[in-house]
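Chains, contacts and geometry: an overview
Chain by chain, the residues run as shown.
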Amino acid sequence: MKRKLDANDVPSPEPNAGDDNEPDFEALNLDPRLCQALIKEKFTKPTLVQAKAIPLALEGKDILARAKTGSGKTAAYVLPILQSILQKKSADPSVKATTGLILVPTRELAEQVQKVVASYTSFCGKDVRSVNLTQKVSDAVQRSILADFPDVVVSTPSRVLSNVNNSALSLDKLSHLVIDEADLVLSYGYDDDINTLSKAIPRGVQTFLMSATLTSEVDTLKSLFCRNPVILKLEDKEEKGGGVSQFVVKCAEDEKFLLTYVIFKLQLIKGKVIIFVGDVDRCYRVKLFLEQFGLKSCVLNSELPINSRLHVVQEFNKGVYDVIIAADDQEVLGAPKSSKKSQEVDEEEAGEKEEIGSSEDEDDVEDEGGKKKASRPEKRRKMTGKKKDYGISRGIDFQNVACVLNFDLPTTSKSYTHRIGRTGRAGKAGMALSFVIPADQYGKHRPTSVPSTKNDEKVLSKIVKRQTKLGHEVKPYHFEMQQVDAFRYRMTDALRAVTRLAVQEARAREIRQELVKSEKLKRHFEENPDELRQLRHDGELRAARVQPHLKHVPDYLMPSKGRKGISKEDVGYVGFSKTKENRIRNARDRNRGRGKGKKTVGGRSDPLKTFNRGQSKK
Ligand SMILES: Nc1ncnc2c1ncn2[C@@H]1O[C@H](COP(=O)(O)OP(=O)(O)OP(=O)(O)O)[C@@H](O)[C@H]1O
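It should be emphasised that the depicted structure is a prediction, and the values quoted were computed from it without experimental measurement.

What counts and how
Residues numbered from 1 in each chain as written. Predicted model: local features only at pLDDT ≥ 70, side-chain atom pairs only at ≥ 80, totals over all residues. Heavy atoms only, no water. Helix = DSSP H or I, 4+ residues; strand = E, 2+ residues; numbered from the N terminus. Buried < 20%, exposed > 50% of the residue type's maximum accessible area, 1.4 Å probe, protein only. Pairing = 2+ DSSP bridges. Axes fitted to C-alpha atoms, helices over the stretch in contact; angles between N-to-C directions. Contact = heavy atoms within 4.5 Å. Near = heavy atom within 4 Å. Polar contact = N/O pair within 3.5 Å; in protein donor to acceptor, adjacent residues only side chain to side chain. Areas by Shrake-Rupley, 256 points an atom, 1.4 Å probe, with all protein chains shown as cover. Nonpolar A, V, L, I, M, F, W, Y, C, P; charged D, E, K, R; others polar. Core = buried A, V, L, I, M, F, W, Y, C linked by side-chain atoms within 4.5 Å. Salt bridge = Lys/Arg side-chain N within 4 Å of Asp/Glu carboxyl O. pLDDT = per-residue confidence, 0-100. Expected span 1.5 Å × (residues − 1).

**Some points on the environment of T156**
In this structure, T156 sits in the loop between β4 (152–155) and α6 (157–165). For T156, a relative accessible area of 0% corresponds to the buried category. Linking T156 and V104, residues 52 residues apart in sequence, is a C-alpha distance of 5.1 Å.

Now the structure itself:
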């Protein structure tokens, strides 16, 4: 099998490439300890938002930055804040105060930003300390950490407020405030917390509002926190076209599985892939389906506990998995505009879901420059209590993603924009491929049908409109369906093994495994080892019948022109060439006088052709 591209093979970042007028990091005169950290990160040049925002921030200006997702906004505020802290410390090392507060909408993002702060301070010794308030520690522990005045606090608004209210955290000495993902913070139901915080924060604090879009929420935050901010509306070069190549394939419902099989098994896409699906069950269905062909993947959905989600993203970023299957339900599931009743049900049953509104609303909201007034959804859905901190893929830094595969199209053009923003980050190239179900095909193959795809064509036209406005092209991706059809039998065979029960089992198994890993239950399991053994055993049970023969692609299935026969080279094709293995196989076959289309594969008998009842029972 051909070696897959790994993170190191993805083109190295070219932030700000081509614009020689922009400063490099040296020109920013950052503290040598920060420069060392940048070298360690292998960041050579600042991205556009960093190049613009850092010098202004170092002058003490408030910043309101709109820059596309993945453009490096985190470093754009973290570096100047750290620089200022280091400067103050070198003037007076005895100063101890929390001077930086970074607010984010979710715990995942808090964890991620905390990691970024930790990496940039890795050469600062004990001079700069930071804490993530969303970590699960006891109140007493958190109180003692805060009593030591960490320089930077990263948190969701609600966590900050509860620590301010119980006097564990003092904001009196605050000099820098960041609201990251500013367009999301209010829609996550933090309105009251933010209002209260705006009163608790001293006047004159330098404020950074960082956002992928400029919405009315950002405007509200601006009037609450900023003093005449510099507004940066950055049109990165890649945002105008280059970054992400976008393709769509119109296909029938079961053909999504067929094409996915072909894409992965023939390695039409190389590198790391995020597959977005419509709901949690679908995550496991696609995962089990891929497993049938020996393809490993991991899943990410809001059902998994936060620590597991963070772990999954870390594993994916480290390259343990090349494929992550995400049920992006926070983004995807919006309440149908016409159905008040179902909206209410949604609110009660799925409090954690982001309120999306109709796609028309979203389109208006994303418009900026004051040309169009944002038309907000009539009613904002609030997320309450624990559900507030539930995660979303937005803002999560999946690294070196070569392709976003919209297995199920999202229901809004905004969600689409966020999803495809997971690839093509920091100047790298990326590809987005979306499956679209034509209206006349919807509901035709019940086992593989999902309700969210009912209006795919309408959503697609909105996506195309929005992307065209941004100067991006969404092109059709052509598969030679006749060639692909040769794989249909195997796809059907694999799908048959992925029964509804198997999906439920896989979902339950994952939760059982999380129980086993749970820190909280550790003590309980120490006292009840039998329960742990039972859970482990259950967790190991296979959820779907595995068919080993499906792992191999016999040569007779390969199109006569090789993989090129499957898709046209000029569209969406992400580097594919014959694998070494196939060349060896073919050479062997030639030597033995066996051509393609025979019953043998590399000298071994093909299990599909020698299939008998006895084997099927295995
Ligand atoms: N100067 C740089 N050179 C190369 N890579 C960079 C640079 N700055 C940041 N990156 C990398 O780019 C990726 C995206 O950065 P970051 O998460 O800060 O983007 P973002 O704009 O905040 O995105 P989002 O809106 O999705 O949160 C990260 O993996 C980060 O390590």
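**Quick word on the sheet that holds strand β13 (residues 430–436)**
Across the sheet, which stays open at both edges, the seven strands sit in the order β10-β11-β9-β12-β13-β8-β14 with parallel pairing between neighbours. Both outer strands of the open sheet, β10 (298–300) and β14 (474–476), are each paired with one neighbouring strand and no more. Averaged over neighbouring strand pairs, the angle between their axes works out to 25 degrees when direction is ignored. Relative to the sheet, helix α11 (residues 280–292) contacts β9 (272–277), β10 and β11 (323–327), its axis offset from that of β11 by approximately 155 degrees. Sheet strands in contact with helix α16 (residues 413–420) are β8 (244–250), β9, β12 (401–406) and β13, and its direction is about 155 degrees off that of β12.

**Some points on the site of the ligand**
Q50, T69, G70, T74 and D397 are the nearest of the 22 residues found near the ligand. Taking Q50, its side chain carries an N or O atom lying 2.8 Å from a nitrogen atom of the ligand. With respect to the ligand, the backbone of G72 contributes an N or O atom lying 3.2 Å from an oxygen atom. Taking 640 Å² as the accessible area of the ligand by itself, protein coverage stands at 90%. Tallied by class, residues from the shell around the ligand come to six nonpolar, nine polar and seven charged.

**Thoughts on the nonpolar core**
Ranked by internal contacts, the top residues of the largest apolar core, which has 47 residues, are F264, I275, F289, L290, I325 and L433. With residues near it in sequence (within four places) discarded, I325 still touches I275, V277, C283, V286, K287, L290, S297, C298, V299 and L300. Counting residues in hydrophobic clusters, the runner-up holds 40 residues, among them L30, A37, L48 and V178.

**Overview of the pattern of salt bridges**
One pass over the structure, following the stated rule, counts 17 salt bridges. Residue E255 pairs with R488 through a salt bridge whose shortest N-O separation is 3.1 Å. With E255 in helix α10 (residues 255–265) and R488 in helix α19 (residues 488–497), this residue pair connects regions lying 233 residues apart in the sequence. Given the relative accessible area of 16%, E255 is considered buried.

**Observations regarding the confidence of the model for the protein chain**
Detailed reading of predicted coordinates is not advised where the pLDDT is low. Averaged over all residues, the pLDDT of the protein chain equals 74, while 67% of them reach at least 70. Here residues 238–242 scores under 50 on pLDDT; set against residues more than four positions off or in separate chains, the count is 16 contacts. Per-residue pLDDT stays below 50 along residues 331–392; that stretch engages in 126 contacts with residues further than four places along the chain or on separate chains. The complex prediction reports pTM at 0.59, with the ipTM value standing at 0.97.

**Structural notes on helix α3 (residues 73–91)**
Taking 1.5 Å of rise per residue, the 19 residues of α3 would be expected to cover 27 Å, and the 28 Å separating its terminal C-alpha atoms lies within 8% of that figure. Here α3 lies mainly inside the structure; 14 of its 19 residues are buried.

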